[in-house]
Structure formats: structure tokens, C-alpha cells
Amino acid sequence: MLEKTGVPTPEQVKRAAPTEDRLKKGPVAVVECFQSIPCDPCQYACNQGAIKEFVDINDVPIIDHEECNGCGICISQCPGLAIFVIDATYSEDKGLVKVPHEYTPLPEKGEVVTGLDMAGNEACDAEVVKVQSAKSLDRTPVVWLAVPHDCLMKVRGFRRKGGAE
Amino acid sequence: MRCSREGVSLLRKTEIAVVGGGPAGLSAALTAVRQGANVTLVDRDPILGGQLVKQTHMFFGSKRQYAAIRGIDIPAELIAALEKEGGDRINMLLDTTVLGYYDDGSLLIEKDEQARVLYPERVIFATGAAEKMLPFPGNDLPGVYGAGAVQTLMNVYGIKPGNRVLMIGAGNIGLIVSYQLVQAGVEVAAIIEGAPKIGGYLVHASKIRRAGIPILTSHTIVEAKGAESVEGAVICKLDENWNSIPGTEQTLDVDVICLAVGLSPLTELVWQACCEQVYVPELGGYVPKRNERMQTSLPNIYVAGDVAGIEEASSAMICGKIAGLYAADDLGYSNNMEQLSAEFNRELNELRAGEAGAKIRQGLEKLSGGGRVC
């Protein structure tokens, strides 16, 4: 399915997901990279040692969610834009999805945008909580989206209301 | 091909001429000057970098080999190193086209409509690749572009190629250029791919999917519509034998059809020099035979990058280093050969080791006919 459509299967998404227990402890990275390709920057991005050292550059990354502190440094270091941070502890009814976003113009803090799922379909409304665009992110800004808890493992991008990506 | 050089002035002698200033050529030149050789780098464009100058996305590959760095940022690093470490041993000729190779090893070059002759002791051809065409009715209409051309228009010259695009080909180029089109504010109606699977990296595909662009595998173009320019495209489904399935045609409202259906090595100069070549479909067509030193059947001629077989920029850079290393070695600049050669080969083998490198490995196997090639 993934290799026909570009959309990961529910099984793949589930496999990449942190446990409920881990989600309750605070922000954590999810690595949705399912194909063996020669690429290794993520292992060097992680200061916590949560992304395990590669034996071969073609290894698929393995993340230990227990060792990940959800800092999010890896998000803008992944050339495939396949790493996200999920924070289920944001509020009673909402969690955060932190997504890499290389489209301009960037949204404003407080703006309500349309959260998109992995197939580009509308999933829910999302509030932009923060836009990180420091120079160290090297032109891959990270946008923090507040979404309902049941959308945390769905929303991976957004569209600004009024048509712009 | 034999021709007369009468009336053409001698430009200069050089130890190594590198033809093409893309990732392979820049890396070859840098390695050769580091080893101590005098190098003349020739490129027909006004800026060095080859295809890198329009690669606005982050590169994959090894962190040691510019991974997570954007392609557009790589030439500046290589050029700075060339200028700093090359000193008066590096000479860069831009806006300069190599027109031909002579039997005595010299190159006819042209700049500002003036032909000159360059006498190198060794030549490294790093001439890159050209985009393949696809036959379909209407493919000569304005609005039908190669993906590389669209990327040049957008990312080098800041020109929008159109408003709504059909991308043909879901290899890495098709996927990346589609992403960059969306970034530039151009709508991509769909990416179609004849094969039953996406050929490019799936993380690229996923990135594009979540932007809402459909990727239709087992689909092909039937025809381009339009009188003066592209006004639409008819596509259809293919069965498992690549035959069109009648009744599955649909018309897309697009003004651009973008072809990303593969590359062929730019081997004209290598042909003209009479280097032995082999047809290897996995490497993009005819490629020059070469040994593990990237040396062709003519001992003074080396190759690196896409001209030696279609791959990608990271491996092109390493092949460039290998060609530069051995061309310099051949002239007596042989510092640290064992260590450098082992390092470059290890990096190259790592890149090609996985499932993504299977096609390249297969192609190299055919090219070598069992022997060892780089």
C-alpha cells in the first residue's frame, strides 16, 4: 500500500507509535520511515541516544521511545521529513503534533488551520500553537499544532484556511 | 572522429582537465588538487554545481557526505575548498564548452565564440546526464517539459512553468520536483507512474501525499490535449503487462505535463574519444567501460558521475573523488593512496549496499562482465 500510494498502512503507523503509557509521560518523537534507504542523519541528530546507532547506512531507524525526551531536534534534520513529535499531555482535550513544514507563507501563532492526514485528507481543525523557524532549523520550520487526542496519530500536515498550503 | 585543428590557438597545458562542474566534477577536481595535481575544470554554465544548483531539498545519504544539507548549499562548500586548497593549481573555466576530443588527448574548447585547445595529460569526463523523452500524441506541444527543465525554470530563474501540472514518473526526480512545484505555489494534479510501485524514496512520496497530491501507480499518459499549447492530459490505467485498460481514461485539466521518466548518460564526448562502451539499461543506457579506478578503455580518460551510469549526487561525489585520486596518482601524485582509496570505496559500497542500490549493483555487475568496477 505504502509503495503504491505513498500512504503508510495503519499497521505501519501503529508500529511506529509510542505506547499509551509513554504518551502519558510527555512529548515523544515518532519516526515514520519504513523503507531501507541509504540515509543516516537522524542518528546523529539525537542527543539522547534514543535513535539507535546504525550498523549499516541502509538501516531503518529504530527509536527507543523511553529514552526520547521529545526535544524535537531530529524533526528538521530528517531529509525525508518523516519525524514528528507528539505531546499527548498538552491539555485535557488536546494534544500537540509538531510537524516539519517547508511551505510559505508560514502560519501565524493562534491561527486555526485544517489538519491533514497522511493521505492529505482533512482530519480536523488544528490551532497553531507555535512556529519554530530558527536559523538552526536550516529552512525546515516546525509548526506545533493542537489537535484533539484522537487525531494525534493522524495529523501530519496542514492547510491554511483559504486554500494556501 | 578525426578532424583538423588548423587555425585554432593553443590555450594552455594542464595536468588534469575535468569536464563538467557538477557534484562529480567538483569532487574530482578537489581531490586531484588536494593530491597536488594541476587541474583545469571546464563547465559550459556560468555557475558551477551542475544539477546541485537547483536541488533545494535536503539530501539523503551519509551525514559524512552532506546528508541533511540542501543540494543548493553544497557547491559553495566545494568551490571554497577548491579555491582555498587549489591556489594556483586550480583553474576554473566557466561558460566554456568542450566541443571535441582529439586523438592526442587534447580538447577543443569554446568560450565567447572563440575556439581554443586545451592540452591535458589526463581527462576526467563528468558530463552528467540528459532527460529521457516519452512518446505520446501531443508530446511536442509547448507545456510539455522535462522535470529538470521545470526545476531550472523555478529554482534557478524564478519562473513558474504553469499553473497546474501532471507529473509523469514517481522516481525520486518526479517526487522531488512535484514537491518543489507545490512549494512554488503551483498545483500538481497528480503524479502518474507506469510501474505498479513508486520508484523513489517512500518518505518523499509520503511527504507529497500528505500535501494532497495523488500518486497513481500503474497509470500512463494517453495523449496531451491542446491546440497551441497543453490544455489537458488524458491518462489511463495499465494492467500488469503494461497494457492500457480500455474505459479507464480520464482527462486532467492541466497546462503543464512534466516528464520524469529517467535519465541517459551524456556520453557524446566519451563516444567521440572512442572509449569502449556497454549498453546497460540499469545504468541508463550506454556507459563507458571502466575499471575500479574509474579509468576507461583509454588509459588517459576517466569518468565520474552520471556519465558513468545514472545514480545520485552522493555516489557521484564519491566516484568523482575516486577518479580524481587515480588520475592524480597516474601523474605521480600518490599521497596516502591506500587510505584514501579504502575510505572512498567503503563510503561508496555503503551507499550502494541496501535494497535501494540493488539496481545499480546489478548494472555494475553487467558492466564489468564479472570483473571489478567502481
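Residues numbered from 1 in each chain as written. Chains lettered and ligands numbered in written order. Predicted model: local features only at pLDDT ≥ 70, side-chain atom pairs only at ≥ 80, totals over all residues. Heavy atoms only, no water.

Participant: Residue-level account of the pairing of strand S4 (residues 97–101) of chain B, with values.
Facilitator: All names here are of chain B. Here four bridges tie S4 to strand S5 (residues 107–111), and the two strands are oriented antiparallel to one another. If you follow Gly100 over to S5, its bridge partner there is Leu108. In sequence, S4 turns back onto S5 through a hairpin of five residues, with Gly105 there showing a positive phi of about 90°. (Pairing = 2+ DSSP bridges. Helix = DSSP H or I, 4+ residues; strand = E, 2+ residues; numbered from the N terminus.)

Participant: How would you summarise the nonpolar core if you had to cite specific residues and measurements?
Facilitator: Membership of the largest hydrophobic core comes to 63 residues, with the highest contact counts inside it found for Ile16(B), Val39(B), Leu41(B), Leu82(B), Leu107(B), Ile124(B) and Phe125(B). If one sorts the elements of this core by residue count, helix H7 (residues 313–330) of chain B sits on top with eleven residues. (Core = buried A, V, L, I, M, F, W, Y, C linked by side-chain atoms within 4.5 Å. Buried < 20%, exposed > 50% of the residue type's maximum accessible area, 1.4 Å probe, protein only.)

Participant: Explain the state of the cysteines to me, and be specific about the residues and the numbers.
Facilitator: Scanning the model with the defined rule gives zero disulfides over all chains in all. Cys74(A) takes part in no disulfide bond, and the closest cysteine sulfur to it belongs to Cys71(A), at a distance of 6.1 Å. (Disulfide = S-S within 2.5 Å.)

Participant: Lay out the side chain of Thr9(A) in plain terms, naming residues and giving numbers.
Facilitator: All names here are of chain A. Relative to the elements of secondary structure, Thr9 occurs in the loop between helix H1 (2–5) and helix H2 (10–16). Of the residues examined, Thr9 reaches a relative accessible area of 15% and is grouped as buried. The residues contacting Thr9, other than those within four sequence positions of it, are Met1 and Leu2. (Contact = heavy atoms within 4.5 Å.)

Participant: Now, about the interface of chain A and chain B: what can you tell me, with residues and values included?
Facilitator: Across the boundary between the two partners, chain A contributes 40 residues, which contact 37 residues of chain B. For the chain A and chain B pair, buried surface summed over both sides reaches about 3400 Å², with 53% attributable to carbon and sulfur atoms. Interface area lost by chain A to chain B is led by Glu3(A), Lys4(A) and Tyr103(A), which between them contribute 17%. Joining chain A to chain B, the criterion identifies three salt bridges. Put simply, chain A and chain B have 23 residue pairs in polar contact (both at pLDDT 80 or more) between them. It is H1(A) that provides the largest number of residues to the side of chain A that touches chain B, a total of four residues. In terms of residue class, the side of chain A that touches chain B is made up of 19 nonpolar, ten polar and eleven charged. (Buried area = accessible area lost by both parts, 1.4 Å probe. Salt bridge = Lys/Arg side-chain N within 4 Å of Asp/Glu carboxyl O. Polar contact = N/O pair within 3.5 Å; in protein donor to acceptor, adjacent residues only side chain to side chain. Nonpolar A, V, L, I, M, F, W, Y, C, P; charged D, E, K, R; others polar.)

Participant: I'd like a rundown of unusual backbone geometry, residues and numbers included.
Facilitator: Omega for the bond connecting Thr104(A) with Pro105(A) falls within 30 degrees of zero, at -5°, which places this linkage in the cis form. Looking at the element boundaries, Pro105(A) is found in the loop between strand S3 (94–100) and strand S4 (112–116). The backbone of Ala68(B) sits at a positive phi, close to 70°, despite the residue not being glycine. The residue Ala68(B) is located in the loop between strand S2 (39–42) and helix H2 (74–86) in this model. Its identity as a non-glycine residue notwithstanding, Cys274(B) has a phi of 70°, on the positive side.

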